[in-house]
Amino acid sequence: MSRITAARVVVTCPGRNFVTLRIETEDGVYGLGDATLNGRELAVASYLTDHVIPCLIGRDAHRIEDIWQYLYKGAYWRRGPVTMSAIAAVDMALWDIKGKIAGLPVYQLLGGASREGCMVYGHANGTDIEETIDRAQELVEQGYKAVRLQSGVPGIATTYGVSGERFYYEPAKGSLPDETVWSTSKYMNHVPKLFARGREALGWDVHLLHDVHHRLTPIEAGRLGKDLEPYRLFWLEDATPAENQAAFRLIRQHTTTPLAVGEIFNTIWDAKQLIEEQLIDYIRATVVHAGGITHLRRVAALADLYQVRTGCHGATDLSPVCMAAALHFGLSVPNFGIQEYMRHTPETDAVFPHAYTFENGLMHPGDAPGLGVEMDEETAAQYEYKRAYLPVNRLEDGTMFNW
Ligand SMILES: O=C(O)C(=O)C[C@H](O)[C@H](O)CO
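Residues numbered from 1 in each chain as written. Predicted model: local features only at pLDDT ≥ 70, side-chain atom pairs only at ≥ 80, totals over all residues. Heavy atoms only, no water.

Partitioning the protein into structural domains gives domain 1 (4-105) and domain 2 (109-368). Listed as interface residues are 32 residues of domain 1 and, on the opposing side, 35 residues of domain 2. Each partner contributes to the roughly 2,600 Å² buried at the junction of domain 1 and domain 2, and carbon and sulfur atoms together form 63% of this total. Inspection of the domain 1/domain 2 interface yields three salt bridges. Note that glutamate 65 is salt-bridged to arginine 298, the shortest N-O span being 3.0 Å. The interface formed by domain 1 and domain 2 holds 10 residue pairs in polar contact (both at pLDDT 80 or more) in total. Within the residue set of the side of domain 1 that touches domain 2, elements represented by two or more residues are β2 (18-25), β3 (30-34), α2 (64-74) and α3 (81-102). (Domains from an automatic or database assignment. Contact = heavy atoms within 4.5 Å. Buried area = accessible area lost by both parts, 1.4 Å probe. Salt bridge = Lys/Arg side-chain N within 4 Å of Asp/Glu carboxyl O. Polar contact = N/O pair within 3.5 Å; in protein donor to acceptor, adjacent residues only side chain to side chain. Helix = DSSP H or I, 4+ residues; strand = E, 2+ residues; numbered from the N terminus.)

The following block contains the structure:
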């Protein structure tokens, strides 16, 4: 028994907003959980402070599963990104506490390492094809075994995944949402050229990935997948919005390019049909937005039955606390596929010193007890929350579209 005596939420903005839950126990041990929901941060902070924390005080921090069920079933209102990010933060903090009390890194509590490290993919973003390829080459030189290629599209002013920043792509900015413009035909004509050049310049030993970011209809996605088949992608991500899971049947009928989806999923129910019908190859759900390590293990166990592998979301809006949790999860599950890794800025790393490391294309969570991430609250307090939004997207004729 290790009673929870206090819990509080810290909101900080070392270059971007992060929401972190800190839970303390009667033994003087504390745990951290990431609760960041990009562009809607304060909703989760309030959910935790106003509705969850009062229910945690006095509970036994060791009863991770029971507390998960209490928060999920007990709220009556199930699922959704706000609820599931809040539950995830509690879950991460409790695994952190359990590891610290046991004196073991969390991956040891999850069954131990199933591999030497987690293969990660880095982002190569450029305003045009040549710039993207130059950046990909830099990543390969740094040891990356897998690289995501995104490039500006001629005729479209701003493109998802591309920014002036060399390493720290950050789409959330502006005290009101930026408006961007989209053309499916211009994009569809351009992407195969990017990958043709990519294979020519980078060869065939590096894994190449691409994110469509929910922009195509299923039949368009089928065509793009088919056009990209000669370049043997590791995956084509978020080819179409996935609320309608059956939509992926159509894509599957037309292409053998492997498919990844799910970074915005919150529960196993969002992915059940996709997994059971083997409509995808990689499930992108991650710790912070899908209910924590406890729930993500359930998703991975279902996926394993159908040879679907994990490919957790790891953009910069997922804090180092989530990154650490994802690496403990990824190191331990049998059906790990790949982990996304977008480096955090030095300011973020200073607020969240961490034990995880990158070497030779693989990441390891480290062997510090618990998750292996600290929060320097004095430094965090120097960075006040700044409202920031993800962009919105319109077609060239002004029709509201998916970003
Ligand atoms: O990393 C990715 O694949 C993304 O799509 C990044 C998302 O746009 C970002 O995390 C939204 O908050």
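On we go from here.
Next up on the list: the site of the ligand. Lining the immediate environment of the ligand, one finds 14 residues, of which Asn38, His213, Glu263, Asp317 and Glu340 sit closest. In this structure, tyrosine 160 approaches the ligand through a side-chain N or O atom, which is 3.0 Å from an oxygen atom. Contact distances for the ligand include 2.7 Å between an oxygen atom and a side-chain N or O atom of aspartate 317. Burial of the ligand by the protein chains amounts to 93% of its free accessible area of 330 Å². By residue class, the composition of the shell around the ligand is four nonpolar, three polar and seven charged. (Near = heavy atom within 4 Å. Areas by Shrake-Rupley, 256 points an atom, 1.4 Å probe, with all protein chains shown as cover. Nonpolar A, V, L, I, M, F, W, Y, C, P; charged D, E, K, R; others polar.)

The three strands are arranged β6-β15-β16 in an open sheet whose pairing can be described as mixed. Unpaired on one side and paired on the other, β6 (179-182) and β16 (400-401) mark the two borders of the sheet. (Pairing = 2+ DSSP bridges.)

We now examine the state of the cysteines. Going through the model one piece at a time under the given rule, you end up with zero disulfides. This cysteine, cysteine 312, is not joined by any disulfide, and cysteine 322 carries the nearest cysteine sulfur, 7.8 Å off. Taking the relative accessible area as the measure of exposure, cysteine 312 reaches 3% and is therefore buried. (Disulfide = S-S within 2.5 Å. Buried < 20%, exposed > 50% of the residue type's maximum accessible area, 1.4 Å probe, protein only.)

Our next topic: the sheet that holds strand β1 (residues 4-12). Taking strand neighbours across the sheet as the criterion, the three strands line up as β1-β2-β3 in an open arrangement whose pairing is antiparallel. A single partner strand is all that each edge strand has here, and the edge strands are β1 and β3. Strand-to-strand, the axes of this sheet are offset by a mean angle of 20°, without reference to chain direction. As paired strands, β2 and β3 are joined by five bridges and run antiparallel to one another. Bridging from a neighbouring strand, leucine 21 pairs with glycine 33 of β3. (Axes fitted to C-alpha atoms, helices over the stretch in contact; angles between N-to-C directions.)

This part covers the packing of aromatic side chains. Counted under the stated rule, the structure contains 11 aromatic pairs. For the pair tyrosine 160 and tryptophan 403, a centre-to-centre distance of 5.5 Å together with 75° between the ring planes defines the contact as edge-to-face. With tyrosine 160 in the loop between β5 (146-151) and β6 and tryptophan 403 in the segment after β16, this residue pair connects regions lying 243 residues apart in the sequence. The pair tyrosine 160 / tryptophan 403 is uniform in exposure class, with both members buried. Aromatic pair phenylalanine 234 and tryptophan 235: ring centres 5.9 Å apart, planes at 55°, arrangement tilted. Just as phenylalanine 234 is buried, tryptophan 235 falls in that class too. Sitting over the face of the ring of tyrosine 30, lysine 100 holds its NZ or CZ atom 4.0 Å from the ring centroid. Here the basic side chain of arginine 215 rests over the ring of tryptophan 182, its NZ or CZ set 4.8 Å away from the ring centre. (Phe/Tyr/Trp six-rings, centres within 6.5 Å; stacked < 30°, edge-to-face > 60°. Lys NZ or Arg CZ within 6 Å of the ring centre and 35° of its normal.)

So, about the environment of proline 320. Examined against the element boundaries, proline 320 turns out to sit in helix α11 (residues 320-332). On the accessibility criterion, proline 320 (0% relative accessible area) is buried. Sequence separation between proline 320 and glycine 15 is 305 residues, and the spatial gap between their C-alpha atoms is 13 Å. Beyond its immediate stretch of four places on either side in the chain, proline 320 contacts His344, Thr348, Asp349, Phe352, His354, Tyr356 and Val373.

This paragraph deals with the pattern of salt bridges. One pass over the structure, following the stated rule, counts 20 salt bridges. In this structure, arginine 252 and aspartate 281 form a salt bridge, with 2.8 Å as the shortest nitrogen-oxygen distance. Taken as a pair, arginine 252 in helix α8 (residues 247-254) and aspartate 281 in the loop between α9 (272-276) and β10 (282-283) lie far apart in primary sequence, 29 residues in all. Given the relative accessible area of 24%, arginine 252 is considered partly exposed. For aspartate 281, a relative accessible area of 22% corresponds to the partly exposed category. Residue lysine 272 pairs with glutamate 276 through a salt bridge whose shortest N-O separation is 3.2 Å. One end of the pair is lysine 272 and the other is glutamate 276, both in helix α9 and four residues apart, which spans about a single turn.

For the rest of this paragraph, the subject is the confidence of the model for the protein. Model confidence for the protein is summarised by a mean pLDDT of 97, while 99% of its residues fall at 70 or above. The complex model carries a pTM of 0.97, and its ipTM stands at 0.98. (pLDDT = per-residue confidence, 0-100.)

Glancing now at the packing of α2 against helix α10 (residues 292-305). Following both chains from N to C, one finds α2 and α10 inclined at 90°, their axes separated by 9 Å at the closest point. Regarding the angle of α2 to α10, the classification is roughly perpendicular. Between α2 and α10, the contacting residues are Ile64, Glu65, Trp68 and Gln69 on the first element and Thr294, His295 and Arg298 on the second. Partitioned by chemical class, the residues of the contact of α2 with α10 number two nonpolar, three polar and two charged. (Parallel < 35°, antiparallel > 145°, perpendicular 65-115°, else oblique.)

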